[in-house]
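# Structural description and commentary
As a plain string of letters, each chain reads:
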Amino acid sequence: MSVDFWINVGVLAGIYGIFTLGLQLNAGFTGLLNFGQAGFMAIGAYSVGIFVVSWGLPLWLAFLLAVALAVAAGMLVGISALRLRSHHFAIATIGFAEIVRYTLQNAEFSGGNQGLIGFDDDWRSVNEWALSKLASVELDAYTQLPLLLAIWATFLVLLVTMELLQRTPWARVLRGIREDEDATAALGKNTFSYKLQSLGIAAALAAIAGFFVSLNITYLYPTVFDPTFTFFGYAILVLGGLGSYTGVALGSIIFWVLLEGTRLMETSLSAGQQSSLRFVIVGLSLILLSRLRPQGILGNRNELRAEP
Amino acid sequence: MSAPTPILEVRDAVKHFDGLRAVAGASFDVARGSITALIGPNGAGKTTMLDLLSGFARLDAGAIRLANRSIAGMAPHQIARLGLVRTFQLTRVLAGISVLDNMLLAAPRQPGEHIPSLLASPRLARQREARARLAAEELLETFGLRLKAADYAGSLSGGERKLLEIARALMTESSIVLLDEPMAGVSPRLGRSILDRIAILRQERGTTFLFVEHDMDAVMSRADKVVVMAQGRVIATGTPAEIRADSMVVEAYLGGLAGERVP
Ligand SMILES: Nc1ncnc2c1ncn2[C@@H]1O[C@H](COP(=O)(O)OP(=O)(O)OP(=O)(O)O)[C@@H](O)[C@H]1O
Ligand SMILES: [Mg+2]
């Protein structure tokens, strides 16, 4: 077991933690089934790449613009699909994520299937600097450690921010919508606007996660943002529990330790069989959990939305 | 004394559901500060009328004016902001949040509900929240729900949900409150305390009430004015005494009851 391996698990857990904070806000606290989160993540990551490589912008400015662009995409999806009722909205968001992927795969501006490379020079110099600092504690051998620290520092700040936001009257309106949108509208709340805000914030979180994905893999290609990755987020959500941001952190760690840790199993299976087995193990763990603790590890049973 | 303009004016309202005319050219007024009852047999179109008034259904024809303003085409939340709140015949409490949160969600003018004003004046949001909490607790007390404030609304009984929904509607401090069968499923004692509360609110704040009710004792003893619907039309309006004496109403709806009352 190498330390680098577990650093990578931590990087993935942090990235998907940020990613899933948005899903928690949508699904857990607003009752919005957003299945397009991977699409927003792709928009965030690719915009960073395109702004740096094609436009020559500094990485940090590109990052800010990418988040803004993802939010704009969230607004567009919201305005066109949020008036649909829950399940139809969910399907529309899957469609959106597919459109994003096909566009990135085939468009010239995104490098098509060849993808994008060479956008992370600014990060590399930060990484060098951080490693030189880490040398004083003899940790500079772990080249991904600065990324891990940056991701988890960001994740924790966002987690605390979301948690604080959750205690405001603003979030109470979201929970009202989750419970009964009509009854909430009858109390004078512009429910459409709140759903739009919820989606916009989730898209921003996905774009931040996408930014870190791009730094982690240093090479952007469309399959990294397969729409099915949204379901990793939902698996994390179910593990950690609906209605708890701390649960997102815990769920993400458990999910990635399970999914990546099972790579280390010593079996006589072929590589393909073993990788399928890993997903079987994760799936079985989820089923087991749903029997033993349907609300998830930190979820609140009372806040589980009973389908009408 | 000349009558002030009514808070609500309904003119020739029509609402179709496919072939069915649920509301078929109904007209009536609700006087400001009055307690008006809307009665009629099952399927008369009373709930549909409340849906039209609150924006949950769109008029096919006719006009509705709230405080001298046409509300045709407005969304429910826009009408609510003009000071009209309604409850639902089939209760709609927000099951997954607490009883108190149900109440606080209804508090008017909470700047904390909007992120820009929340960031600009968190103190004001906190002050409003504290004040709303007092108002909510007082209302919950009246409705016998004080001890349940921290419970999830989903854990309430059917009657308690009805009470919470009414308390929540009153929490909005709307100038007109529409109640769809507030007494149904509520014990007689609490039913009376709801009616008492309504009378007090009308007295103190001048709140207008329009309530749909099948309990004729409540209607006849508490309403200033009664509007009778049958088959989507308004067939009579008047004071409780006038309605009881109206042969058409007796035929359409009150039959049994009038028979009991007149020896
Ligand atoms: N959404 C709808 N779709 C189709 N028909 C409807 C709908 N809502 C109401 N109706 C029909 O309109 C008519 C009036 O219904 P409404 O609910 O307004 O009656 P009501 O006077 O409230 O009756 P009750 O006293 O039983 O509550 C009924 O015949 C009903 O079947
Ligand atoms: Mg009805």
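Residue numbering note: each chain is counted from 1, following its sequence as written. The lettering of chains begins at A and the numbering of ligands begins at 1, in the order of writing. Reporting in this predicted model follows two pLDDT cut-offs: at least 70 for local features of residues, and 80 or more for side-chain atom pairs to be given and counted; totals over whole chains, interfaces and linings ignore these cut-offs and use all residues. Side-chain calculation: all heavy atoms of the structure are included, whereas hydrogens and water are not.

The strands that make up a sheet pair up through hydrogen bonds in the backbone, lying either parallel or antiparallel. Residue and element names in this part refer to chain B. Ordered by their spatial adjacency, six strands build an open sheet running S6-S7-S8-S3-S9-S10, and the pairing between neighbours is mixed. Two strands in the sheet have a free side with no partner beyond their single neighbour: strand S6 (84–86) and strand S10 (233–238). Ignoring strand direction, the axes of neighbouring strands in this sheet form an average angle of 15 degrees. With five bridges connecting them, strand S9 (residues 225–230) and S10 associate as antiparallel partners. Counterpart to Val 227 in the pairing with S10 is Thr 237. With respect to the sheet, helix H6 (residues 158–171) is in contact with S6, strand S7 (176–180) and strand S8 (208–212), its orientation differing from that of S7 by roughly 165 degrees. Between any two strands, pairing holds if DSSP finds at least two bridges. Under the DSSP-based scheme used, a helix requires at least four consecutive residues in state H or I and a strand at least two consecutive residues in state E, with every element numbered from the N terminus. Axes here refer to lines fitted to C-alpha atoms; in helices the fit is confined to the stretch in contact. Angles between the N-to-C directions go from 0 to 180 degrees. When checking whether two residues touch, look at their non-hydrogen atoms; a contact exists if any pair is within 4.5 Å.

Patches were defined on residues exceeding 30% relative accessible area and lacking a salt bridge, with like-charge contacts within 9 Å and nonpolar side-chain contacts (Val, Leu, Ile, Met, Phe, Trp, Tyr) within 5 Å. To measure how exposed things are, a 1.4 Å probe is used in the Shrake-Rupley method; for residues, cover is taken only from the protein chains shown. Each reported salt bridge corresponds to a side-chain nitrogen of Lys or Arg within 4 Å of a carboxyl oxygen of Asp or Glu. Side chains of Trp 6, Ile 253, Val 257 and Leu 264 of chain A sit close together on the surface and give an oily, nonpolar patch of about 290 Å² of accessible area. Secondary-structure assignment places Ile 253 of chain A in helix H11 (residues 245–261).

Tallied over the entire structure, the rule returns 19 salt bridges over all chains. For Arg 92 of chain B, the salt bridge goes to Asp 182 of chain A, with nearest N and O atoms at 3.5 Å. You can see Arg 92 of chain B sitting in the loop between S6 and helix H3 (99–105) and its partner Asp 182 of chain A sitting in helix H8 (residues 181–186), one on each of two chains. Within the structure, one salt-bridge network assembled from shared partners comprises Asp 180 and Asp 182 of chain A together with Arg 92 of chain B.

A few words now on the coordination of the magnesium ion (ligand 2). In ideal tetrahedral geometry, four donors around a metal make angles of 109.5 degrees, whereas ideal octahedral geometry with six donors gives angles of 90 or 180 degrees. All names here are of chain B. Around the magnesium ion (ligand 2), the donor atoms from the protein are Thr 47 (OG1) and Gln 89 (OE1), and they sit 1.9 to 2.1 Å away. With Thr 47 in helix H1 (residues 46–54) and Gln 89 in the loop between S6 and H3, this pair connects stretches of sequence that are 42 residues apart. Per-residue accessibility, obtained with a 1.4 Å probe over protein chains only, is compared with the maximum for each type, and a residue is labelled buried under 20%, exposed over 50%, and partly exposed between these values. Classification of Gln 89 as partly exposed rests on a relative accessible area of 34%. Each metal's donors are the N, O and S atoms within 2.8 Å of it, or within 3.2 Å when it is Na, K or Ca, and because water is not part of the set, sites may look incomplete.

Attention now goes to the interface of chain B and chain A. On the side of chain A, 25 residues touch chain B, which itself brings 27 residues to the contact. Buried area counts how much accessible surface, traced with a 1.4 Å probe, disappears from two parts once they are put together, with both parts' losses summed. When the area that chain B buries against chain A is broken down by residue, the three leading residues are Leu 105, Glu 113 and Tyr 152 of chain B, summing to 24%. At the boundary of chain B with chain A, the tally comes to five salt bridges. Of the charged contacts, one joins Asp 180 of chain A and Arg 92 of chain B as a salt bridge, the two residues approaching to 2.8 Å between their closest N and O atoms. For this analysis, a polar contact is any N or O atom pair within 3.5 Å, provided that within protein one partner can donate a hydrogen and the other can accept it, and provided that sequence-adjacent residues contribute only side-chain to side-chain pairs. Taken together, the links from chain B to chain A amount to 10 residue pairs in polar contact (both at pLDDT 80 or more). For the side of chain B that touches chain A, the leading source of residues is helix H2 (residues 76–81) of chain B, giving four residues. Just so you know the grouping, Ala, Val, Leu, Ile, Met, Phe, Trp, Tyr, Cys and Pro go in nonpolar, Asp, Glu, Lys and Arg go in charged, and all remaining residues, Gly too, go in polar. Tallied by class, residues from the side of chain B that touches chain A come to 15 nonpolar, six polar and six charged.

Okay, the sheet that holds strand S4 (residues 61–66) of chain B next. Residues and elements named next belong to chain B. An order of S2-S1-S4-S5 is seen for the four strands of this open sheet, with the pairing classed as antiparallel. Two strands in the sheet have a free side with no partner beyond their single neighbour: strand S2 (20–30) and strand S5 (69–70). Summarising the sheet, strand S1 (residues 8–17) and S2 pair through eight bridges and their orientation is antiparallel. The residue of S2 that forms the bridge with Lys 15 is Val 23. Along the sheet face, H1 touches S1, S2 and S4 and points at about 115 degrees away from the line of S1.

So, on to the site of ligand 1. Residue and element names in this part refer to chain B. Any residue with a heavy atom lying within 4 Å of a molecule or strand is counted as near it. Taken together, 14 residues are adjacent to ligand 1, and Asn 42, Lys 46, Thr 47, Thr 48 and Gln 89 come closest. In the environment of ligand 1, an oxygen atom lies 2.9 Å from a nitrogen or oxygen atom belonging to the backbone of Gly 45. With the chains in place, 62% of the 630 Å² that ligand 1 exposes on its own is no longer accessible. Sorting the residues of the shell around ligand 1 by element identifies S2 and H1 as the ones contributing at least two each. If one sorts the elements of the shell around ligand 1 by residue count, H1 sits on top with three residues. Class assignment of the residues belonging to the shell around ligand 1 gives a composition of five nonpolar, seven polar and two charged.

Looking now at the packing of helix H1 (residues 3–28) of chain A against H11 of chain A. For any two helices packed against each other, the geometry is given by the interaxial angle and the distance between the axes. Residues and elements named next belong to chain A. Running from N to C, H1 and H11 point in directions that differ by 140 degrees, and their axes come no closer than 8 Å. Relative to H11, H1 is oriented oblique. H11 is crossed by H1, and the crossing has right-handed handedness. Within the contact between the two elements, H1 uses Phe 5, Trp 6, Val 9, Leu 12, Ala 13, Tyr 16, Gly 17, Thr 20, Leu 21, Gln 24 and Leu 25 and H11 uses Tyr 245, Val 248, Ser 252, Ile 253, Trp 256, Val 257, Glu 260 and Gly 261. Of the residues that constitute the contact of H1 with H11, the class distribution is 13 nonpolar, five polar and one charged. An angle below 35 degrees is treated as roughly parallel, one above 145 as roughly antiparallel, one from 65 to 115 as roughly perpendicular, and anything else as oblique. In this scheme the crossing of two helices becomes right-handed for a clockwise turn of the near helix relative to the far one and left-handed for an anticlockwise turn of less than a right angle.

This brings us to the environment of Ile 194 of chain B. With respect to the helices, strands and loops of the structure, Ile 194 of chain B is situated in helix H7 (residues 188–205). Apart from residues no more than four positions distant in its own chain, Ile 194 of chain B is found in contact with Phe 143, Leu 163, Ile 166, Pro 182 and Val 186 of chain B.

One face of the sheet, then the other: side chains in a regular strand alternate in exactly this way. All names here are of chain B. Two elements, S1 and S4, share five bridges in a ladder whose sense is antiparallel. Directly across from Val 10, in S4, lies its bridge partner Ile 64. Looking at chain direction, S4 and S5 are connected through two bridges and run antiparallel. For Arg 65, the partnering residue across the bridge sits in S5 and is Ser 70. In sequence, S4 turns back onto S5 through a hairpin of two residues, with Ala 67 there showing a positive phi of about 45 degrees.

All names here are of chain B. Over its 14 residues, H6 extends 20 Å from the first C-alpha to the last, a length consistent with the 20 Å expected when each residue adds 1.5 Å. For H6, the tally of buried residues reaches 12 of 14 residues, placing the bulk of the element in the interior. Phi turns positive, to about 55 degrees, at Glu 173, one or two residues after H6. Helix span is expected to be 1.5 Å times the residue number reduced by one.

Here we come to the confidence of the model for chain B. Residue and element names in this part refer to chain B. A residue-level look at chain B finds 95% of positions with pLDDT of 70 or above and a mean pLDDT of 89. pLDDT measures how confident the predictor is about each residue, on a scale from 0 to 100. Considering each helix and strand of chain B separately, the mean pLDDT is smallest for helix H10 (residues 247–261), with a value of 59, and largest for H3, with 97. Ignoring residues within four places in sequence, the model shows residues 256–263, a span with pLDDT below 50, making four contacts including any to other chains. In the model output, the complex is listed with pTM 0.91 alongside ipTM 0.90.

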